[in-house]
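This is what each chain is made of:
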Amino acid sequence: MERSVALIALFAALIAVLGLFPSFMLITGVPISAQSLGVMLAGTVLGARRGALAVLLFLLLVALGLPLLAGGRGGLGVFVGPTAGFLFGFPVAAFVAGWITARWRGVDLSIAAGAGALLGGVVVLYAFGVGGMMVFAGLTPLQAITALGAFIPGDIIKAVVAGLITRAIWQARPGAVLSRAR
Amino acid sequence: MLAMTLETRSWLHALPAGAKMAALALAVVLVLPVTEPAIIAALVAATAALYASLGAVALRRGIRLLRPLWLILAIIMAWHLVLGEARLGLVICLRILALVALANLVTLTTVLDDMMAVLEWLMTPLARAGLRTDRLALVVALAVRAIPALALKAGHLREAWRARSTRRAGVQTAVPLVLIALDDATHVAEALRARGGFSGPARK
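What counts and how
Residues numbered from 1 in each chain as written. Chains lettered and ligands numbered in written order. Predicted model: local features only at pLDDT ≥ 70, side-chain atom pairs only at ≥ 80, totals over all residues. Helix = DSSP H or I, 4+ residues; strand = E, 2+ residues; numbered from the N terminus. Rg over C-alpha atoms; globule rule 2.2 N^0.38 Å. Buried ≥ 20, exposed ≤ 12 C-beta atoms within 10 Å, placed from the backbone. Contact = placed C-beta atoms within 7 Å. Axes fitted to C-alpha atoms, helices over the stretch in contact; angles between N-to-C directions. Parallel < 35°, antiparallel > 145°, perpendicular 65-115°, else oblique. Left-handed = near helix turned anticlockwise from the far one by under 90°. Nonpolar A, V, L, I, M, F, W, Y, C, P; charged D, E, K, R; others polar. Domains from an automatic or database assignment. Expected span 1.5 Å × (residues − 1). Arc of directions from axis to C-beta. Core = buried A, V, L, I, M, F, W, Y, C linked by C-beta atoms within 7 Å. pLDDT = per-residue confidence, 0-100.

Caption draft 1: Structural detail: the overall build of chain B. A count of helical and extended segments in chain B gives 10 helices and zero strands. Overall, chain B shows an N-to-C arrangement of helices and strands of α-α-α-α-α-α-α-α-α-α. Taken over the C-alpha trace, chain B has a radius of gyration of 23 Å; the compact-globule value for 204 residues is 17 Å, which it surpasses by more than 25%. Counting only C-alpha atoms and orienting by the principal axes, one finds that chain B spans roughly 60 × 55 × 35 Å. Per-residue burial for chain B yields a buried fraction of 28% across its 204 residues. Within chain B, residue pairs in contact and separated by at least 24 positions form 70% of the contacts whose partners lie at least 6 positions apart.

Caption draft 2: Just the overall build of chain A, in detail. Looking only at helices and strands, one finds seven helices and two strands in chain A. Tracing chain A from N to C terminus, the helices and strands come up as α-β-β-α-α-α-α-α-α. For chain A, whose C-alpha radius of gyration is 16 Å, the value lies close to the compact-globule estimate of 16 Å for 182 residues. Split into buried and exposed, the 182 residues of chain A put 62% on the buried side. A separation of at least 24 residues holds for 71% of the contacts in chain A among residues at least 6 apart in sequence.

Caption draft 3: The packing of helix α3 (residues 48-63) of chain A against helix α4 (residues 84-103) of chain A, seen in detail. All names here are of chain A. It is at 7 Å that the axes of α3 and α4 come closest, and there the two elements cross at 160 degrees. When the axis of α3 is compared with that of α4, the two are roughly antiparallel. Where α3 crosses over α4, the two elements pack in a sense that is right-handed. Residue-level contacts link Ala48, Gly51, Ala52, Val55, Leu56 and Leu59 of α3 to Leu87, Phe90, Pro91, Ala94, Phe95, Ala97, Gly98, Trp99 and Ala102 of α4. Grouping the amino acids of the contact of α3 with α4 by side-chain chemistry returns 13 nonpolar, two polar and no charged.

Caption draft 4: The arrangement of the domain arrangement of chain B in detail. If you check the domain split of chain B, you get domain 1 (11-122) and domain 2 (132-194). One C-alpha centre belongs to domain 1 of chain B, the other to domain 2 of chain B; they are set 34 Å apart.

Caption draft 5: View of helix α3 (residues 37-53) of chain B. Residue and element names in this part refer to chain B. For α3, with 17 residues, the first-to-last C-alpha span of 24 Å sits near the 24 Å given by 1.5 Å per residue. Taken residue by residue, α3 has Ile40, Leu43, Thr47 and Tyr51 as its buried positions. Each buried residue of α3 lies within a common arc of 80 degrees when the element is viewed along its axis, so the set occupies one face. Seen from the open side of α3, the exposed residues pointing more than 90 degrees away from its buried face are Ala38, Ala45, Ala46, Ala49, Ala52 and Ser53. Contacts made by the buried residues of α3 are with α2 (17-31), α4 (56-65) and α6 (86-108).

Caption draft 6: Fine view of the interface of chain A and chain B. Across the contact, 50 residues belong to chain A and 52 residues belong to chain B. Elements with a minimum of two residues in the side of chain A that touches chain B: α1 (2-20), α2 (35-46), α3, α5 (109-137), α6 (141-148) and α7 (152-172) of chain A.

Caption draft 7: Inspection of the nonpolar core at higher detail. One finds Ala9, Ala12 and Ala13 of chain A to be the most contacted residues of the largest nonpolar core, which totals 119 residues. Per-element accounting of this core gives the leading share, 15 residues, to α6 of chain B. In this structure, this core is formed jointly by two domains, domain 1 (11-122) and domain 2 (132-194) of chain B, each of which donates at least three residues. In this structure Ala12 of chain A touches Ala54, Leu57, Phe58 and Leu61 of chain A together with Ala143 of chain B, once residues within four positions along its chain are discounted.

Caption draft 8: Representation of the packing of helix α5 (residues 69-82) of chain B against α6 of chain B in the model. Residue and element names in this part refer to chain B. Running from N to C, α5 and α6 point in directions that differ by 160 degrees, and their axes come no closer than 7 Å. Classed by the angle they form, the pair α5 and α6 counts as roughly antiparallel. α5 and α6 meet at a crossing whose hand is right-handed. Of the residues in α6, those in contact with Leu69, Leu73, Ile76, Met77, His80 and Leu81 of α5 are Ala86, Leu88, Gly89, Ile92, Cys93, Ile96 and Val100. In terms of residue class, the contact of α5 with α6 is built from 11 nonpolar, two polar and no charged.

Caption draft 9: Expanded view of the environment of Gly81 of chain A. Turning to its location among the elements, Gly81 of chain A is positioned in the loop between α3 and α4. Spatially, the C-alpha atom of Gly81 of chain A lies 22 Å from that of Ala52 of chain A, the residues being 29 residues apart in sequence. Apart from the residues within four sequence positions on either side, Gly81 of chain A is in contact with Phe136 of chain A together with Leu69, Ile96 and Val100 of chain B.

Caption draft 10: Structural view of the confidence of the model for chain B. Of all residues in chain B, 95% have pLDDT values of 70 or greater, and the mean over the chain is 87. Scoring of the predicted complex yields 0.87 for pTM and 0.90 for ipTM.

Set out below in structure tokens:
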């Protein structure tokens, strides 16, 4: 119990700190932040339930008024803006990433975690992001996907990186990767 | 170091946090179906007046908080112009502007403790259902404390990387950072257990 609470608190903090990292640029010139990498890792390392709870705690801190989103954004305003869908999708993304990492046992952890991060942190997350754009920005799904398209390559790279990091964590602290705990 | 709340007190700071949040929720529900540009433009003007009533500092902060929005609003507007739906584009852009500015206003004028109090009140049904909601305050405090501590260690990792390499620190520092977070969590868990842990009865 204490361990779960501490892990959830520390991973919420980790997601916040990864948002402080200066965003790096792809060849396309699109800035990408490491924050959603933190969301993916919460799922692939902590597992579905604890990962989703860590992300919810992070979002709670943002809603309470801490400027923890990449670029120093925060407060209640970000939850009604055009990109709010991504925030609502964050916990679901972590849950799906963790669920797949825990279930797909037959392959190398980097593959399972990478696939989980890809399905949760890209496919599911963008579904929510597109939904948010439809509600708050009045775009059709196709328009929203076109507007967001430039960010998708960066997020696919992040999912692959999340898989590799998860395996590295597992090699360093086998007991800490709860998504693979027996 | 954190928190977005305006330091200068104002009449909006004095209002109960629950009332401000309820008003915000009501505004969101009421504004989403409105399609008349004049009404939403009036709401934007009223919001700006609210900011102005708090002073020039609040107005400047409010405008700065909206900065990440301009690009997205420009894209949305351009899109609707191409489709020949200028009126709809205007409605959508003004609506986003008004709602985000109003929500930011609540955040700017409500201190963290008051926000927590509203949250705890919202969760009283869960507490009645037997969920230990009193633990939430502790978990929030743990995370808030962990952020500057972890950020400091992340800074050390980046400096160490710079000392070794001419390339920019990238994902290479992410693995040790996650390990630090995991190890910190182990220490925090031990400290919690040493102080009685979560096995005791609910605080009254």
